[in-house]
Amino acid sequence: MWINFFKLRLFCCLLAVLMVVVLVVNVTQVEYLDHETASATFIDSGGQFVSSQVIRISRNPYCGYERQILSSRERLEEDSLLAALQWQEPDVGPVPFLKSTDPSSSYFVILNSAAFFRVGSQLEVLVHVQDFQRKPKKYGGDYLQARIHSPKLQAGAVGRVVDYQNGFYKVFFTLLWPGQVKVSISLVHPSEGIRVLQYLQEKKPDRVYFKSLFRSGRISETTECNVCLPGSLPLCNFTDLYTGEPWFCFKPKKLPCSSRINHFKGGYLKGLLTATENAFFQSGVNIKMPINSSGPDWVTVIPRNIKDLVEFNLGSPKNVGPFLAVDQKHNILLKYRCHGPPIRFTTVFSSDLRYVANELNGIVGGKNTVVAIAVWSHFSTFPLEVYIRRLRNIRRAVVQLLDRSPKTVVVIRTANVQELGPEISLFNSDWYNFQLDTILRKMFSGVGVYLVDAWEMTLAHYLPHKLHPDEVIVKNQVDMFLSFVCPLET
């Protein structure tokens, strides 16, 4: 019996020792993680999960914030935020004013200069900072702001600044609109001023102070308040019970803490800087001052091309066709040809005379096939029956195409208004074309085709009426056409 009891005691002692060892190992690992790195999973701006190694950084001891209780997720998030805001402070000693950054002697130059840029392309700008002795600086840390803008368009965008820590900075802009675009670079604070701001942030967080009024009857007192208060004087604790946000006031000498009736700004501390430090904060000298360009400070941006679409030169007459273009990147084949007679073009080879209905009968169709039809202007001088007959044949071919290939997209462009004079009115009056447009809409109603309403788009527009509308109207028509081809939901 005693032997068994002894064995049980020995087993318990060994188990206790093992537990202590495990506890020490865990504590050591936690301390290591707290001082070195921790792995976390975040979601980036594109919605993708990414793993990140977050370096532990020292926390500001102000108000005991380094001792605040945080969950592991909160601590990782805070470490990530603080690390992202770590300013690249140059490793230099005290710098006299004359060796600090001078915006007036610094300059920038557009690197990838060209005769013109296209919308969507990237513009690169190199900034070189110099001191007040016009000598190049060998370190970075300046706070620059960069933008591109077009005052006439009231358009603007900001640039991304990269500090190379050697007196050179690169700024990257994305050109978002066409026209003349101006580049502006400003020095907000020199690196020497940033060092002072960092000191104030860490060592003088109470440089703005607050107060509260306490009152009971005829007795009133005003005391200073803040997130935390130095010294050993009695305090009134107004920390929020729900969020835990700290707030304290010095306790009034004659009144209880419950007699507090308001909160207000007390003021700003004066005399924070030395004479040397004050030199880094001079209006009109080194606070938000422009940096000039050593060359042109603007570029010309033109609209983006559909560069992937390549036209094949078939030697076809202008307006008549046939025309052919290919976009290999997006697997698109584009064909065009004019409809059969009547045609008012000067000359058309007999072999190129094709009726729309016959062309439709030769199309297999399917979900990757789009057909666009425009037939009206050349029929304005004929009796309406001629146009009706032509549309009847086209409609029959469209119905057959949709029957054999229901996913084929068929788009019809309607008639449009145009400029009129005494002579043109006799041949191509809007009144004639209004009749043709009405017939087209009625005959294709319920067939399952899409209409690009060129009539309304030209009639409502502020630009002058033209048989062949200006580019901005054509673009609107193409945009509407593409909305049928590539609807938003797909």
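The structure reproduced in this document is the subject of the present report. Only a predicted model underlies this, so the values are computations on that prediction, with no experimental measurement involved. (Residues numbered from 1 in each chain as written. Predicted model: local features only at pLDDT ≥ 70, side-chain atom pairs only at ≥ 80, totals over all residues. Heavy atoms only, no water.)

1. Observations concerning the pattern of salt bridges
Okay, so step 1: Evaluated as defined, the whole model comprises nine salt bridges.
Okay, so step 2: Across the salt bridge formed by D297 and K182, the nearest N and O atoms sit 2.3 Å from each other. Taken together, the residues D297 in the loop between β16 (289-293) and β17 (298-302) and K182 in strand β10 (residues 179-189) connect sequence positions 115 residues apart.
Okay, so step 3: Residue class for K182 comes out partly exposed when judged on its relative accessible area of 31%.
Okay, so step 4: Note that E359 and R337 form a salt bridge whose closest N and O atoms lie 3.7 Å from each other. Of this pair, E359 sits in helix α5 (residues 356-361) while R337 sits in the loop between β20 (332-336) and α5; the two residues are 22 residues apart in sequence, bridging distant segments of the chain.
Okay, so step 5: A cluster of three or more residues bridged by salt bridges with shared partners is formed by R337, R354 and E359. (Salt bridge = Lys/Arg side-chain N within 4 Å of Asp/Glu carboxyl O. Helix = DSSP H or I, 4+ residues; strand = E, 2+ residues; numbered from the N terminus. Buried < 20%, exposed > 50% of the residue type's maximum accessible area, 1.4 Å probe, protein only.)

2. A short note on a nonpolar patch on the surface
Okay, so step 1: There is a patch of nonpolar side chains on the surface, built from I306, L309, I332 and L334 and spanning about 370 Å² of accessible area.
Okay, so step 2: Structurally, I332 can be placed in strand β20.
Okay, so step 3: Taking relative accessible area as the criterion, I332 reaches 41% and is therefore assigned partly exposed. (Patch = residues over 30% accessible without salt bridge, like charges linked within 9 Å, V, L, I, M, F, W, Y side chains within 5 Å. Areas by Shrake-Rupley, 256 points an atom, 1.4 Å probe, with all protein chains shown as cover.)

3. Quick word on the pairing of strand β12 (residues 219-226)
Okay, so step 1: Summarising the sheet, strand β11 (residues 208-216) and β12 pair through seven bridges and their orientation is antiparallel. Note on β12: the bridge partner recorded for R215 is S220.
Okay, so step 2: Adjacent in sequence and paired antiparallel, β11 and β12 are bridged by two residues, among which G217 carries a positive phi angle near 65 degrees.
Okay, so step 3: Where β12 and strand β14 (residues 248-250) come together, two bridges link them in antiparallel fashion. (Pairing = 2+ DSSP bridges.)

4. Concerning the nonpolar core
Okay, so step 1: Within the largest apolar cluster, 27 residues are counted, with the highest numbers of intra-cluster contacts made by L360, I373, Y387, I394, V398 and F444.
Okay, so step 2: Secondary-structure elements contributing two or more residues to this core are α5, β21 (370-373), α6 (384-404), β22 (409-413) and α8 (430-443).
Okay, so step 3: The biggest single contributor to this core is α6, with seven residues.
Okay, so step 4: Of all hydrophobic cores here, the second largest spans 24 residues; its members include F108, I110, V129 and A157. (Core = buried A, V, L, I, M, F, W, Y, C linked by side-chain atoms within 4.5 Å.)

5. A closer look at the state of the cysteines
Okay, so step 1: The full count for this structure, using the stated rule, is two disulfides.
Okay, so step 2: A disulfide bridge connects C225 with C249, and the sulfur atoms are separated by 2.0 Å. On the S-S bond that ties C225 to C249, the torsion sits near 105 degrees, and the link is right-handed. Taken together, the residues span a long stretch of sequence, with C225 in strand β12 and C249 in strand β14 at a distance of 24 residues. (Disulfide = S-S within 2.5 Å.)

6. A few points about the packing of α6 against α8
Okay, so step 1: Packing of α6 against α8 leaves a shortest axis separation of 10 Å and a crossing angle of 30 degrees. When the interaxial angle is binned, α6 and α8 end up roughly parallel. The way α6 lies across α8 gives a crossing that is right-handed. Taking contact as the criterion, the partners of L384, Y387, I388, L391, R392 and R395 in α6 are, on α8, Q435, L436, I439, L440 and M443.
Okay, so step 2: Residues of the contact of α6 with α8, tallied by class, amount to eight nonpolar, one polar and two charged. (Axes fitted to C-alpha atoms, helices over the stretch in contact; angles between N-to-C directions. Parallel < 35°, antiparallel > 145°, perpendicular 65-115°, else oblique. Left-handed = near helix turned anticlockwise from the far one by under 90°. Contact = heavy atoms within 4.5 Å. Nonpolar A, V, L, I, M, F, W, Y, C, P; charged D, E, K, R; others polar.)

7. Side note on the sheet that holds strand β23 (residues 450-452)
Okay, so step 1: With parallel pairing, the three strands of this open sheet are ordered in space as β21-β22-β23. At either end of the open sheet lies a strand with only one pairing partner, and these are β21 and β23. Each strand axis lies, on average, 25 degrees off the axis of its neighbour in the sheet, ignoring direction.
Okay, so step 2: Pairing analysis gives four bridges linking β21 to β22, with the strands arranged parallel. By the bridge assignment for β22, I373 is matched with I412.

8. Observations concerning the sheet that holds strand β13 (residues 235-237)
Okay, so step 1: With antiparallel pairing, the five strands of this open sheet are ordered in space as β13-β14-β12-β11-β15. Each edge of the sheet is formed by a strand with only one pairing partner; in this case those strands are β13 and β15 (264-268). Neighbouring strand axes in the sheet, compared pairwise and without regard to direction, differ in orientation by 35 degrees on average.

9. What to know about the packing of aromatic side chains
Okay, so step 1: Here the structure, examined in full by the defined rule, presents nine aromatic pairs.
Okay, so step 2: Each ring, one from F210 and one from W247, has its centre 5.6 Å from the other, and the planes form 65 degrees; the classification is edge-to-face. Taken together, the positions of F210 in strand β11 and W247 in the loop between β13 and β14 put the pair 37 residues apart, joining distant regions of the chain.
Okay, so step 3: According to the relative accessible area criterion, F210 is partly exposed, its value standing at 22%.
Okay, so step 4: Judged by its relative accessible area of 18%, W247 is buried.
Okay, so step 5: Summarising the aromatic geometry, the rings of F323 and Y336 are spaced 5.5 Å apart at their centres and angled 15 degrees between planes, so their arrangement reads as stacked. Of this pair, F323 sits in strand β19 (residues 323-327) while Y336 sits in strand β20; the two residues are 13 residues apart in sequence, bridging distant segments of the chain.
Okay, so step 6: Taking the ring centre of F238 as reference, the NZ or CZ of R260 above it sits at 4.3 Å. (Phe/Tyr/Trp six-rings, centres within 6.5 Å; stacked < 30°, edge-to-face > 60°. Lys NZ or Arg CZ within 6 Å of the ring centre and 35° of its normal.)

10. Some words on the environment of L391
Okay, so step 1: With respect to the secondary-structure elements, L391 resides in helix α6.
Okay, so step 2: Along the chain, L391 and A357 lie 34 residues apart, while their C-alpha atoms are 9.0 Å from each other.
Okay, so step 3: In this view, L391 contacts I439, L440, M443 and F444; residues no more than four positions away in its chain are not counted.

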